[in-house]
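# Examining the three-dimensional arrangement
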Amino acid sequence: MREYKVVVLGSGGVGKSALTVQFVTGSFIEKYDPTIEDFYRKEIEVDSSPSVLEILDTAGTEQFASMRDLYIKNGQGFILVYSLVNQQSFQDIKPMRDQIIRVKRYQRVPMILVGNKVDLEGEREVSSGEGKDKLASLLHINYCEKCFLNNLLHMLT
């Protein structure tokens, strides 16, 4: 059975765990509980073949940033998450992407940029155009606001 190792990165409070848990279990976590590191496994089907998806949900707080190199080294694909209601989390994406390129030592690393918290449209600080047109095209990353792993899985295969 084929295994895929995906690392979820982003600033603290952007909803990395909520997205991951919703994908793995189908339930939504409403309360914020800062993550240090959580690991999930889910059996999925990729191109009609049974596969195992290993998801590493990482800490977004700066105190655990030193662990990112190890996460990145072991990951095959990356989901970079920012909050649509937090401009700083959006600004934090480029250095994370640059760190992935530095650690992996090549430019073509499967990554997807996810703008999260689309349900809080009235509090939005980052426009769809900023995410899709500006950052995603600058960094050569696929972008979506209402997706999670499906696009990345197609990039890994």
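The structure we're discussing is the one just above.
Residues numbered from 1 in each chain as written. Predicted model: local features only at pLDDT ≥ 70, side-chain atom pairs only at ≥ 80, totals over all residues. Heavy atoms only, no water.

## Re the pairing of strand β1 (residues 2-10)
Pairing between β1 and strand β3 (residues 49-58): seven bridges, direction parallel. Opposite Val-6, over in β3, you have Ile-55 as the bridge partner. Sheet topology note: the β1/strand β4 (residues 77-83) ladder contains five bridges and is parallel. Bridging across to β4, Val-6 finds its partner in Gly-77. (Pairing = 2+ DSSP bridges. Helix = DSSP H or I, 4+ residues; strand = E, 2+ residues; numbered from the N terminus.)

## Looking at the packing of aromatic side chains
Scanning all chains against the criterion turns up one aromatic pair. It is Lys-42 that lies over the ring of Phe-23; its NZ or CZ is 4.6 Å from the centre. (Phe/Tyr/Trp six-rings, centres within 6.5 Å; stacked < 30°, edge-to-face > 60°. Lys NZ or Arg CZ within 6 Å of the ring centre and 35° of its normal.)

## With respect to the pattern of salt bridges
For the coordinates displayed, the defined rule picks out six salt bridges. Put simply, Glu-54 and Arg-41 hold a salt bridge, and the shortest N to O gap is 2.5 Å. A residue pair is termed long-range when its members are at least 10 positions apart, and Glu-54 in strand β3 and Arg-41 in strand β2 (residues 37-46) qualify at 13 residues. Note on Glu-54: relative accessible area 9%, which makes it buried. The exposure class assigned to Arg-41 is partly exposed, which follows from its relative accessible area of 46%. Residue Lys-94 pairs with Asp-98 through a salt bridge whose shortest N-O separation is 2.9 Å. Of this pair, Lys-94 and Asp-98 are both found in helix α4 (residues 93-104), four residues apart, which corresponds to roughly one turn of the helix. Where salt bridges share partners, they join Glu-3, Arg-41 and Glu-54 into one cluster. (Salt bridge = Lys/Arg side-chain N within 4 Å of Asp/Glu carboxyl O. Buried < 20%, exposed > 50% of the residue type's maximum accessible area, 1.4 Å probe, protein only.)

## So, the pairing of β2
Relative to β3, β2 is paired through ten bridges, and the arrangement is antiparallel. Considered in β3, the bridge of Phe-39 is made with Leu-56. Between β2 and β3, which pair antiparallel one after the other, the connecting turn spans two residues, and Asp-47 there sits at a positive phi close to 50°.

## What about the nonpolar core?
Leu-9, Phe-78, Leu-80, Tyr-82, Ile-100 and Met-111 are the most contacted members of the largest nonpolar core, which has 18 residues in total. The set of elements that each furnish at least two residues to this core consists of β1, α2 (68-74), β4, α4 and β5 (111-116). Among the elements that make up this core, the one with the highest residue count is α4 (four residues). Beyond its immediate sequence surroundings of up to four residues, Leu-9 is in contact with Lys-16, Thr-58, Arg-68, Ile-72, Phe-78, Ile-79, Leu-80, Val-81, Met-96 and Ile-100. (Core = buried A, V, L, I, M, F, W, Y, C linked by side-chain atoms within 4.5 Å. Contact = heavy atoms within 4.5 Å.)

## Overview of unusual backbone geometry
Here the phi dihedral of Asp-47 falls at roughly 50°; this positive angle occurs in a residue that is not glycine. Within the element layout of this structure, Asp-47 appears in the loop between β2 and β3.

## Let's talk about the environment of Gly-12
When you line up the elements, Gly-12 lands in the loop between β1 and α1 (16-25). Sequence spacing of Gly-12 and Ser-89 is 77 residues, and the spatial spacing of their C-alpha atoms is 8.1 Å.

## Comments concerning α4
The periodicity of an α-helix, 3.6 residues per turn, causes residues three or four places apart in sequence to face the same way. If you check α4, its first and last C-alpha atoms are 17 Å apart, about what twelve residues at 1.5 Å a residue would give, namely 16 Å. The complete set of buried residues in α4 reads Ile-93, Met-96, Arg-97, Gln-99, Ile-100, Ile-101 and Lys-104. The first or second residue beyond α4 is Arg-105, which carries a positive phi of 65°. (Expected span 1.5 Å × (residues − 1).)

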